[in-house]
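Report on the structure
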Amino acid sequence: MAKHAGVAIGTVFRHFPTKLDLLKAVVMNLQDRLVAEADDMVNDSEDGTDLLEFCGRVLETGVQNRAVFARLAETGVRVRVGDALQGLRPSIAQLLDRAQQAGAVRDDLDVAELIALLAAFCQEAMTEGWSAEFRQRALKILFEGMRPL
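Residues numbered from 1 in each chain as written. Predicted model: local features only at pLDDT ≥ 70, side-chain atom pairs only at ≥ 80, totals over all residues. Heavy atoms only, no water.

A few points about the pattern of salt bridges
Evaluated as defined, the whole model comprises 5 salt bridges. For Glu37, the salt bridge identified is with Arg57, shortest N-O distance 3.1 Å. Here Glu37 is found in helix H3 (residues 19-44), whereas its partner Arg57 is found in helix H4 (residues 50-64), with 20 residues between them in sequence. For Arg57, a relative accessible area of 31% translates into the label partly exposed. The partner of Arg71 in a salt bridge is Glu74, and the shortest N-O contact between them spans 3.6 Å. Highlighted residues: Arg71 and Glu74, both in helix H5 (residues 66-74), separated by 3 residues, approximately one helical turn. One salt-bridge network, in which partners are shared between bridges, spans Glu37, Glu53 and Arg57. (Salt bridge = Lys/Arg side-chain N within 4 Å of Asp/Glu carboxyl O. Helix = DSSP H or I, 4+ residues; strand = E, 2+ residues; numbered from the N terminus. Buried < 20%, exposed > 50% of the residue type's maximum accessible area, 1.4 Å probe, protein only.)

Pasting the structure below:
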């Protein structure tokens with residue numbers, strides 16, 4: 001990992017003295033990246049479909065990094081996706097509002113419900129190792145349930 005990052009192994013150990021410290025830093029970096037992506041979508045676009053794209057990104061990020069979450073679990077730390085998504089709540093709320101204003105998402109869906117649904121999907125996808133096809137089908141079903149009545 002140090003070689004891949006272009007630093008000496010001693011540098012890695014100075015910053016992350018334990019495996020747990022390193023894993024927590026990786027998770028924080030993932031969350032920071034998702035916050036930045038959500039903020040970019042909020043600031044750079046008026047598209048009502050950004051919310052759906054962001055939901056897909058959250059799910060894929062979790063699945064792509066399931067090995068990190070599994071290693072954390074081995075150390076006794078359980079990552080709860082819902083807790084992580086709470087840090088994204090303001091951006092998710094803005095994306096949801098924009099999607100509702102565009103008529104892309106039902107008006108009665110609130111941010112707490114969306115976070116709970118997305119967290120459940122992501123947690124299960126990570127834990128159960130959903131295939132790409134299964135993830136796409138699950139997202140399609142979620143999105144259909146979010147559409148206006």
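Alright, that's what it looks like, and here's the rest.
Regarding the packing of H4 against helix H7 (residues 89-101)
Two elements in contact, H4 and H7, have axes separated by 8 Å at closest approach and are oriented at 140 degrees. The angle between the axes of H4 and H7 places the two elements in the oblique class. Residues Asp50, Leu51 and Phe54 of H4 form the contact with H7, whose participating residues are Ile92, Leu95, Leu96, Arg98 and Ala99. (Axes fitted to C-alpha atoms, helices over the stretch in contact; angles between N-to-C directions. Parallel < 35°, antiparallel > 145°, perpendicular 65-115°, else oblique. Contact = heavy atoms within 4.5 Å.)

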